[in-house]
Amino acid sequence: MMAKYMIGVDIGTTSTKAVLFNDAGKSISRFGVEYPLYTPEPAVAEQDPEEIFQAVLTAIKNCLKGASVSGSDVRFVSFSSAMHSLIVVGRDGKPVTKSITWADNRSAKYVEKVKNKFNGHEIYLRTGTPIHPMSPFVKLVWLKHEQPELFKADNKFISIKEYVFYRLFGTYVIDYSMASATGLFNLENLDWDEEALQIAGVTRDQLSQPLPTTKSVIGLKEQYQEISGLSGQTPFVIGASDGVLSNLGVSAIEKGVVAVTIGTSGAIRAVTDKPVTDPKGRTFCYALTDKHWVIGGPVNNGGMIFRWVKEELANVEVETAKRLGIDAYEMLTNMAQNVQAGSDGLIFHPYMTGERAPLWNADARGSFFGLGMHHKKDHMIRAVLEGIMMNLYSVLLALEELIGTPKRVQATGGFARSVMWRQMLADVFDQEVTIPESFESSCLGAVVLGMYGRGEISSLNEVESMVGAIHTHKPNVEATKVYRELMPIFIRLPRLLEKEYEVIAGFQENCKKAINV
């Protein structure tokens with residue numbers, strides 16, 4: 001008799017989650033382990049690979065424990081992971097560096113050099129990863145020039161998921177999806193791109209073996225069997241990246257269906273049947289399977305900006321919420337609801353950590369525009385939320401040039417718990433928005449991919465029966481009209497400020513150096 005349960009593991013930027021699912025795709029148990037993002041300087045964003053590895057083991061163990069399920073009742077574990085991390089490991093497999101995450105901007109000064117001197121745009125067109133500090137390709141160029149001692153022949157350059165699989169099984173493997181997010185992987189050939197490797201200064205032997213996302217690995221090391229509660233015969237499906245699996249997990253894999261995710265950061269994605277890159281270099285293209293490709297754009301600034309508002313601008317409201325026993329974010333969204341759409345002409349650009357799509361400008365900075373004496377804190381809160389949504393819509397406009405206007409929007413992420421945010425998304429996008437029942441879209445996507453890879457289902461479309469819609473929002477005509485009036489201003493301003501972004505970013509960098517002296 002086939003084991004009853006499946007586990008989806010998502011190695012995220014701020015935590016690792018393990019979710020136990022039954023055959024119907026229903027979540028039975030979940031467990032998450034948080035870990036820090038080390039940011040000792042503004043451009044640095046690193047993590048400890050060992051902390052994340054231990055989080056994976058702990059999450060799996062406690063996920064089983066929470067449902068009182070034996071490891072023998074789990075027929076496979078399938079993985080999702082955040083993209084664009086880079087770890088240098090030595091011959092013994094031990095990290096020489098921390099995990100340099102997608103949010104690390106230290107390679108920013110090499111972006112233009114890669115674009116203009118190293119044939120960067122042509123490499124992007126073949127590999128699908130935009131030339132940006134998030135890209136491991138750009139990170140490698142930076143390290144080659146500034147820390148060449150790391151490029152010893154017996155060192156490996158891997159991602160956090162590769163590190164986890166190496167620790168569990170003693171082998172270096174990378175799935176096509178994670179490989180396609182390195183900027184080093186040729187999408188047509190499904191193999192490492194020779195020119196990219198040469199420019200990055202690495203050899204094939206210093207990288208992992210690329211495998212299909214549906215591939216299973218067996219032979220969990222004995223010491224980790226005891227810790228995790230799983231057996232050495234439990235298949236571990238290598239899986240894919242969190243972004244593409246989120247699309248699968250919300251059943252946004254049909255032509256014309258777009259997925260919007262807002263968590264710490266955010267993204268807009270759609271599925272195509274072949275690799276598609278943008279002549280203007282604005283969108284990514286990553287593998288889901290060899291027949292499913294996900295194109296779209298990621299934004300740096302999602303829910304983290306709302307958290308900044310809570311922590312830096314709303315101390316009084318946070319204390320009030322504590323006294324009343326309600327969630328502070330709920331209080332802030334209630335304040336925003338007191339303001340009409342468009343925040344009475346106040347526009348916020350949420351580029352507080354630079355920006356990826358649609359600007360691909362690490363120097364971009366956040367700003368309020370149109371601020372007047374008639375604006376109150378309520379206006380500023382709403383403008384921040386609107387700015388996050390309007391920025392995502394500007395990414396959709398770029399995507400529409402490649403795939404046309406979407407017929408449906410599926411939305412997921414932490415923001416989906418807020419009625420006001422969901423309605424705002426429908427109003428800004430002028431689209432009906434559906435919110436799937438499962439908030440654990442990447443974990444569900446990983447499990448469905450595992451079922452597909454193991455031949456338990458014949459098509460990825462079977463995910464539709466596992467994803468129930470719990471909320472649907474239609475756009476408010478009057479609100480949409482307001483946003484259509486403000487969007488051209490929102491889009492023009494970053495273009496006009498491009499040079500000023502560079503100047504102010506340089507000024508801030510000099511301020512940081514002066515403080516550290």
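Owing to the predicted nature of the structure, the values given are computational and were not obtained by experimental measurement.

Okay, the sheet that holds strand β18 (residues 292-299) next. Here we have 7 strands laid out as an open sheet, ordered β17-β18-β16-β15-β21-β22-β23, and mixed in their pairing. The sheet is open, and its two edges are formed by β17 (284-289) and β23 (469-473), each paired on a single side. When the angles between neighbouring strand axes are averaged without regard to direction, this sheet yields 30 degrees. Pairing of β17 with β18 involves 5 bridges; the strand directions are antiparallel. Bridge pairing in β18 links Ala287 to Trp293. Strands in contact with helix α9 (residues 242-249) are β15 (257-262), β16 (266-272), β17, β18 and β21 (408-412); relative to β16, the strand with the most contacts, it is inclined by about 70 degrees. Running over the sheet, helix α14 (residues 419-429) touches β15, β16, β21, β22 (433-436) and β23 and is turned about 50 degrees from β23.

Attention now goes to the environment of Ala24. Within the fold, Ala24 resides in the loop between β2 (15-21) and β3 (27-34). As a C-alpha pair, Ala24 and Ser465 span 441 residues in sequence and 8.0 Å in three-dimensional space.

Here the focus is the sheet that holds β3. Spatially, β3-β2-β1-β5-β14-β13 is the arrangement adopted by the 6 strands of the open sheet, whose pairing is mixed. Among the strands making up the open sheet, the edge pair consists of β3 and β13 (216-217). Relative to strand β5 (residues 74-81), strand β1 (residues 5-11) runs parallel, the two sharing 7 bridges. Its bridge partner lying in β5, Asp10 is registered against Ser80. Together, β1, β2, β3 and β5 form the strand contacts of helix α1 (residues 49-66), whose direction differs from that of β2 by roughly 30 degrees. Relative to β5, helix α15 (residues 441-453) is tilted by about 125 degrees, and along the sheet it contacts β1, β2, β5 and β14 (236-241).

Calculation criteria
Residues numbered from 1 in each chain as written. Predicted model: local features only at pLDDT ≥ 70, side-chain atom pairs only at ≥ 80, totals over all residues. Heavy atoms only, no water. Pairing = 2+ DSSP bridges. Helix = DSSP H or I, 4+ residues; strand = E, 2+ residues; numbered from the N terminus. Axes fitted to C-alpha atoms, helices over the stretch in contact; angles between N-to-C directions. Contact = heavy atoms within 4.5 Å.

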